[in-house]
Each structure stands twice: as structure tokens, then as C-alpha cells.
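The primary structure of each chain is shown beneath.
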2 protein chains.
Amino acid sequence: MERKHHVVVVGGGFGGLACVRDLKHKDVEITLIDSRNHHLFQPLLYQVATSILPTSDIAWPLRHLLRDRPEVNTLMAEVNGVDPQAKTVSLADGDSVSYDTLVLATGARHSYFGHDDWETAAPGLKTLEDATAIRRRMLSAFEAAERTSDPEERKALLTFAVVGAGPTGVELVGIIAELAQRVLPREFRSIDTRDARVLLLEAGPRVLAAFPEDLSAYTEHALTELGVEVRAGTAVTACDEESITIGDECIPSRTAIWAAGVKASRAAQWLGLEADRAGRTPVGPELTVEDHPEIFVIGDTASVRNTDGKPVPGVAPAAKQQGEYVARLVASRLGKGRNPGPFVYKHKGSLATIGRKAAVADFGWIKLRGTLAWWVWGVAHIYFLIGTRNRVAVVWSWFWSHTTGQNSARLITQGKQGIAVPKVTQVE
Amino acid sequence: MERKHHVVVVGGGFGGLACVRDLKHKDVEITLIDSRNHHLFQPLLYQVATSILPTSDIAWPLRHLLRDRPEVNTLMAEVNGVDPQAKTVSLADGDSVSYDTLVLATGARHSYFGHDDWETAAPGLKTLEDATAIRRRMLSAFEAAERTSDPEERKALLTFAVVGAGPTGVELVGIIAELAQRVLPREFRSIDTRDARVLLLEAGPRVLAAFPEDLSAYTEHALTELGVEVRAGTAVTACDEESITIGDECIPSRTAIWAAGVKASRAAQWLGLEADRAGRTPVGPELTVEDHPEIFVIGDTASVRNTDGKPVPGVAPAAKQQGEYVARLVASRLGKGRNPGPFVYKHKGSLATIGRKAAVADFGWIKLRGTLAWWVWGVAHIYFLIGTRNRVAVVWSWFWSHTTGQNSARLITQGKQGIAVPKVTQVE
């Protein structure tokens, strides 16, 4: 029996999973490698960090998603290199896996713009552990504020700073402000949680820079109404566990969250290629790297230009489209379909929520804001969630949160017990 | 204005919370101290450990439960001592809290019978972190088995040993066996998860020793049908990360879970009293300690004798009844109700599930087993869960798990990424 063409996909995010999905019935063997056992629906991760959703509502075991695909082998393993000559991927535990076609879809983490030491003080939000760590810090800060008798300390504990006013930053501050203003006040005795200061810090001139200016202005206004202080146009210059400094202004704050900048995974290093400034691997119009048409790099870890020359944004739909494209191209090379030509990114629209009742949406042909945009956002996210169980569970959590004003997952876990000041920063 | 009587309750488990609840409208100030921010429904914790339920379905923030009780102050803090003369409780961060009445309801952890070094290899199940740590170990073992090419290693990875055949041990092995036999087989390619060996190890002569003998026999038979190997009558003599030894037989196993024995919290030490063998504080018929009628010790950390001289078991209903009793007694001392006399424990019955379709129940006047007992068990647990949100969420998770045969929370989190062998044992 002839050996089948072997596609190795590294990374079970939106890009990798779309590629595996669309390679169904294409007569290939597939190995999917991920260091985690689950696919994560990152667009709703901020709701785990802010205690609206439990972790398992937005994550699914990869091998469960692929249970009906006997030709797909799922490995939970960490990749630490690629040998393009030998056509093998090496794993951290010493094993190696040969490929005929390799798809690297290993994503990105946050960039601290050369200040990696800020990560301890201001963790980012990319994994379930990041989300539960941020949830722990935030809730612990309220607990510690309730206990302290020092007014300066209390003020610092009740100051929450989110750096970066892209969709994630906007979504985080919206929920944190609502938590402080509406969910928690009745539950604390010594503090008034409405005194909490929620800051959205942005180096650029406006929030949601990728959106049209009127939607940015609406978002800033809506956030201010929720009690958020928006500080655009000033970069963070220092950050530690006690305070965050923007320009010359030092603001005592015990809880900072980093939602700015992107640093790609090490795919370029593995391939011995020069990465761009954000660490991304440059790829050609077919999403392959130079001299190696059998190596694809897609999603947040790739630097892709659209047919119009503009860079493709690092968003979930782009990663998905790239995964689907690679599947089509690989199939066509094996004689299972026509050649799709160069990759073309189709921008479907941008969405961001503001608290639990408003959102902004820009579909190019129409712009929405407020309640209607929120419904569009909600329906779209439920639609793109994988699996009936999770759809029902998320709708139930949202329904509960909206009708009762209560968040369902306000748990402080995995931290040291009885911490007075939330210094638990290890993202493990 | 006269200062109100101040009741300090340490521990927000079943006992502490019942006490706080029943002190409503009794004209007392209450401070509830817990090192965690949440109350945990421990009877369903094994379902988190075995990936059926997400963490937030069985835990609620204490201050949320008490939001409508302005006279209750909730503190997230660790207690490290009591001064019965000064009538103060000292906290780990240096603060202290004065009381008029003190209720210690600080629970218990597992006892390793003098072998505390076994804890790393065979963690117990008392907290949410314990549950996610066990879930991680168990799921990681299947992942590592899928990857290894060494048959001996694979066998050890697919051997799961639960020590202690009380209700928790029985419930754990039932679900683990079902996972290996029914949920996972379709998802793995290199291994047949049905080869997994699930051991229930019990030093005593039979499983569920607290139940009538015929229900024990039924349980052992039902477990065997599920594929569990029940080994009663032999004690564990050694345990490390590579293997577990019962009598002289060394069984290579990478995943062991400890569900035997109980070691009470340090309440007796705080009070300078001599504890019993299990570390519990002896209390009199009014649940108070010698010479201090204002100090109550209740629940798993107390050694209580019923009016018939028999010891009161360390179960949730007993802790609840004790908390309710203390509330009544404190109220009567303040002239708000009649004196309840000595504490009387009313045993309502014992329940244990076997996998997801059977259970045993002993109510004294009637014994049940099989499907009917399972329904009684399910309805009782839903009834005793706190809050509509959680009831609906748990029913949904169970419904999903029963109809599809899939567990909803099969996530490996908080471990090191890309682990090949599940040696992640830190319970933090």
C-alpha cells in the first residue's frame, strides 16, 4: 500500500483547526500537534478573565473535535524546532515527526515592546491560565481593599489599568467597570466598589484604532458613561507591581492587564528565517516560506500581505481563511481540486463589545452601535462557538448575567490562599 | 448605641454557612472569615476532578451568598491562631479580630496515616485546585500513553489507582472507568483506552463500609461490571510517582488519587487543646470546648458524640445540622428563642453513585440501588445546590453527558505545557 501524503499541522487554534477540517476526504494523513489539549475560543477569553464565563465554556479537547477523523493523529506535545532539509519537526521531549507538508499555526503572545520585565506586573490574555490569573488578581484586589485600613493602599488596590485600547482592552474595561459599578457594591461592607478607578491606557490617538472614527468616538463616550477613564495619546513608560506610569504621571495601581502589541511565536526562528518587527514569519502569496513550498505559516505568527498589498490583520477570521486556503492548495497539489491561486483575505467586519449592553460593529457597507450591535455581536459569537453544549451553556451564562446582574464564575483559584495583596502573577 | 454581640465564624463550608444563615434576624454582628472567596459544594467535587462539571458550577463567592445580610462582614483571610483569653482570632497578615462568640468550622484534609510524603504522588480531593490538579494528571496520563512507544510505560500510564473505597473513592473510579471504557476510545489512535486499569484499593474488608453489606456487595459488583478492579482487605504500604504498593504487590501506576482517611484542620492547636487521633477537637454536648462555652467547634474538624454515644460522621449534613444548632443556641443565650438542649444528630441517609447510571442509597427505613437510587441521588444533589444558575448549569451538564456520553470539562490546565509524563502534582 502506498504511503499517504502526511500533513503536519502545528497549533490547534483557528487557523490550524480550519486547515485540518478542510483536509477531510482529501486522502491525506494528518498529525495535529499542540502543547495544549484544547482549542480555545479566544474572542471570549476576556469573559473568563472577568468572571462571566467558566473556562470550559470556551475550550474543547482537540481530540474530541477530531474524534470522527480516523486519519488525524492528535499529539499533545511541544515543538521546539523544524528541520526543513530532513522534513522533520522536533519535539521538546526528543521525538521527531516527519512531514510531507508542514503548516505552522502557532499564534502569538503579547509584546511588551522591549520591556519583557513588565509581564509580571501586567500579564497578557492569551490562554485559559492567563484568564484565571487575571480573574484572581482582579477579585483579590477587591478583597484586599475591603481589608486594608490604609486609604492610599485602598486607592491603589481599587485602581485597575488596562493597557491597549483594541477590542480586547475595550472589552476588558467595560466588564471591569460594570463589575465595580453594578455587580459588587452590595457585597462589600468597608469599601464602596463604585470608587474603583478603571483606566484604559492607549498610546495611539484613539480607542479602537482599526474602526471608523465615529465608532471610536462612540466607544469612548460609552466607556466614559460606564465609569471608565480613557487616556489616549500617552504611552506607558514604566510598570511594576505597585504602579503604572504614563508619560510622567505615576498612577498607583495593583492590577494592570496588558492588551497591547503582539509578538509572534518562534516559527521564524525554527525555520532560520528573518522575522519582521513583531516576530512574524514573512510568507508569499501562497502562504509558504521562501524556497519551501511545502512549508506554510498562517495566522498570527505569519506576516501576510493581501492581494492589494495591505497587511492582513491578526484576527481569528483571517487565521481561519488562511487555514481553509492551505487545505484547498494542498488538495489541489494532490490532484483533489483546482488551484485556488494566491491567498485573498476577505474582511467580513469588525466587532467589539462595550460592557454588557452595547457594542460597535463595522461591516464596511454598514456601521452599527449600541444595543443592536450588541445583539449582532452576541449572535455571531454564539454561531462561531463550536458545539451545542457550549452554545447553550454560554447563552445560559449570558442570560443569567443579564437578568440578575450577577457573574457566575467569580472564583479566586490557583493563587496562594489568604493573600492580602494580589501579587500572584505567575502565569503557569 | 449598645454594641451588638459579635459572632466570628471561621470557615464558609456547610457548617459555617448554615450557622451564619440561621443567625439572621438574631440581632448579632457576624464576621465570616475564610481563606477562599467561595463556598464549595464538596459532594460534587469528584465530578470536577473527572471533567463532568466545570469548577464554577459547584462554587459560589461567599460574599455574594451573603449580599443581603448587611450585618455580615466577609473577610478573605487566613486564620493562624486564637487567643481564648483575649477573645481574639489572629490572622496570618498580622491583623486580629475580636469576638464574643467564636465558631470554628475549618474542615479537614486527607490523612496519609503518617506518610505525608505520599501526598505528592497521590493527591487528595478537597479543593477546586485539588480537583483541577487531578483532572490534569488523569487526562495527561492518557495523552502521554498515546505518545509513548514503551509498552511497560504505557501500561503504567494507563493504570489509575484510587485509595479508599468510601463514597468519594467509589464515585471517582466509576467515572474514570466510564471515561476509559466509553468516552475516550474513539478519540485515541495509538492506544485503546479500554485497556486502562482502574483500581480501587481499600484496606478494610469491603467497599462503602458505612453502608449495609448487601449494598456494598452490589456496589462492588456494579464497579466490576464497569471494569474497575476492586482490591479490598489490603493496605497501601508504599506510594511514589512511579508505582503504588499494596501488601507486597507493587503496581506500576502514574496516577494515584487519595480518598482515604481524614485529618482535621488545626483548630485544636489554635485552642491549645489535645486533639483526637484524626486531629479533631473534642467538644461537649453543646459543641463547645472545655471551659469556653463561647467557643464552638463544628463539622469535620470537631469530634462530636451523638446523644447515643456514637461518633457523629464527618459528612455535609452533620456539619449543616451543627451549624444550625449553634445558631439556635447562640440566639437562645441572647434571649432570642428557647434553649435547644444538647446537640442531636439526625442521620437522614447515605448516598453514593456508581458511574453515571447507578447509585446506592440507605435511608434506614428503605434501601435503594441501581437507576432509581441514581435519580434520588441526582434530585437530592440538585436540591441541595445553592442557586438557580448552578442548578440549571449542572442539570445541563449532566443531561449533555448522559445523552451524548461526552464530558464537558476535559481541560488540561495549570500544568506545565507539553508534559510527556504527568508528574504535575503541586496542589496550590
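Computed from a prediction, not measured in an experiment: that's the story for all the values here.

Cut-offs applied
Along each chain, residue indices are assigned from 1 in the same order as the chain's sequence is written. A letter from A marks each chain and a number from 1 marks each ligand, given out in the order of writing. It should be noted that, the model being predicted, local features are given only for residues of pLDDT at least 70 and side-chain atom pairs only at 80 or more, the latter also being counted only at that level, while totals for whole chains, interfaces and linings use all residues. Calculated side-chain values reflect all of the structure's heavy atoms, with hydrogen atoms and water omitted. Numbering of helices and strands starts at the N terminus; helices are DSSP runs of H or I of at least 4 residues and strands are runs of E of at least 2. Burial status follows relative accessibility: with a 1.4 Å probe on protein chains alone, a residue under 20% of its type maximum counts as buried, one over 50% as exposed, and anything between as partly exposed. UniProt positions are given in the numbering used here, feature names are shortened, and annotations may be inferred rather than shown by experiment. For this overlay, a least-squares fit was computed on C-alpha atoms, restricted to residues scoring pLDDT of at least 70 in both copies. Contacts are assigned to residue pairs with any non-hydrogen atoms lying within 4.5 Å of each other. By definition here, a helix of n residues has an expected span of 1.5 Å times n minus one. Salt bridges are defined as contacts in which a side-chain nitrogen from Lys or Arg sits within 4 Å of a carboxyl oxygen from Asp or Glu. For the domain bounds, the source is a domain assignment made automatically or taken from a database. Note on definitions: buried area is the accessible-area loss of two parts on being combined, 1.4 Å probe, summed for both. For this analysis, a polar contact is any N or O atom pair within 3.5 Å, provided that within protein one partner can donate a hydrogen and the other can accept it, and provided that sequence-adjacent residues contribute only side-chain to side-chain pairs.

A.B. asks: Sorry if this is basic, but what is going on with the environment of alanine 141 of chain B here?
C.D. replies: Residues and elements named next belong to chain B. Within the fold, alanine 141 resides in helix H4 (residues 128–147). Residue classification places alanine 141 among the buried positions, given a relative accessible area of 0%. Taking the C-alpha atoms as reference points, alanine 141 and threonine 255, 114 residues apart in sequence, are found 7.3 Å from one another.

A.B. asks: What is the right way to look at the UniProt feature "domain: FAD/NAD(P)-binding" (unreviewed entry) in chain A in this model?
C.D. replies: UniProt marks residues 6–323 of chain A with the feature "domain: FAD/NAD(P)-binding" (unreviewed entry), using the numbering shown here. Secondary structure content for residues 6–323 of chain A is 28% helix and 27% strand, and the end C-alpha separation is 16 Å.

A.B. asks: Is there a simple way to think about the relation of the copies chain A and chain B in this case?
C.D. replies: Rotating chain A by 180° about the axis while translating it 0.0 Å along that axis superimposes it on chain B, leaving an RMSD of 0.0 Å. Classification of the inter-copy transformation places it as that of a two-fold axis. Here 100% of the interface residues in chain A have copies in chain B that are interface residues too; the copies meet face to matching face.

A.B. asks: What am I meant to see in unusual backbone geometry here?
C.D. replies: Trans peptide bonds make up most of the peptide bonds, and negative phi angles are found at most residues other than glycine. With a phi close to 75°, serine 51 of chain A is a non-glycine residue in the positive phi region. Along the chain, serine 51 of chain A turns up in the loop between helix H2 (45–49) and strand S4 (59–61). On the basis of relative accessible area, serine 51 of chain A is assigned to the buried category, the value being 0%. Backbone geometry at aspartate 291 of chain B places phi at a positive 65°, although glycine is not the residue there. Positionally, aspartate 291 of chain B belongs in the loop between strand S20 (288–289) and strand S21 (292–297). Given a relative accessible area of 68%, aspartate 291 of chain B falls into the exposed group.

A.B. asks: Looking at this structure, I do not really get helix H4 (residues 128–147) of chain A. What am I missing?
C.D. replies: Given 3.6 residues to a turn, an α-helix orients residues that are three or four positions apart in the same direction. Here H4 of chain A spans 29 Å end to end across 20 residues, near enough to the 28 Å set by a 1.5 Å rise per residue. Most of H4 of chain A is tucked away: 20 of the 20 residues are buried.

A.B. asks: Even after reading the chapter, I still don't get the side chain of arginine 63 of chain A, so can you show me in this structure?
C.D. replies: Note on placement: arginine 63 of chain A falls in helix H3 (residues 62–65). Exposure remark for arginine 63 of chain A: the relative accessible area of 3% places this residue in the buried category. Not counting residues within four places of it along the chain, the set of residues in contact with arginine 63 of chain A comprises Thr74 of chain A together with Glu143, Glu146, Glu187, Phe188 and Arg410 of chain B.

A.B. asks: When you look at the pattern of salt bridges in this model, what are you seeing that I'm missing?
C.D. replies: Once the charged atoms of two side chains with opposite charge are near each other, the side chains can pair. If you walk through the whole model with that rule in mind, you get 52 salt bridges over all chains. Among the ionic pairs, arginine 36 of chain B bridges to glutamate 129 of chain B, the shortest N-O distance being 2.7 Å. In this pair, arginine 36 of chain B sits in the loop between strand S2 (28–34) and strand S3 (38–40) while glutamate 129 of chain B sits in helix H4, placing the two residues 93 residues apart along the sequence. Among the residues examined, arginine 36 of chain B registers a relative accessible area of 11% and is labelled buried. Overall, glutamate 129 of chain B belongs to the buried group, its relative accessible area being 5%. Among the charged side chains, a network of salt bridges with common partners joins Arg197, Glu229, Arg231 and Glu249 of chain A.

A.B. asks: Explain the domain arrangement of chain A to me, please; I cannot follow it from the model alone.
C.D. replies: Much of the literature gives interface size as the accessible area that the parts lose upon coming together. Residue and element names in this part refer to chain A. Examined at the domain level, chain A breaks down into domain 1 (5–35 + 77–110 + 262–333) and domain 2 (116–260). Distance between the C-alpha centres of domain 1 and domain 2: 34 Å. Each partner contributes residues to the interface: domain 1 has six residues there, and domain 2 has ten residues. When domain 1 packs against domain 2, close to 580 Å² is buried across both sides, 42% of that on carbon and sulfur atoms. The interface formed by domain 1 and domain 2 holds three salt bridges in total. One salt bridge in this structure joins glutamate 119 and arginine 109, with 3.6 Å as the shortest N-O distance. Between the two partners, domain 1 and domain 2, sit two residue pairs in polar contact (both at pLDDT 80 or more).

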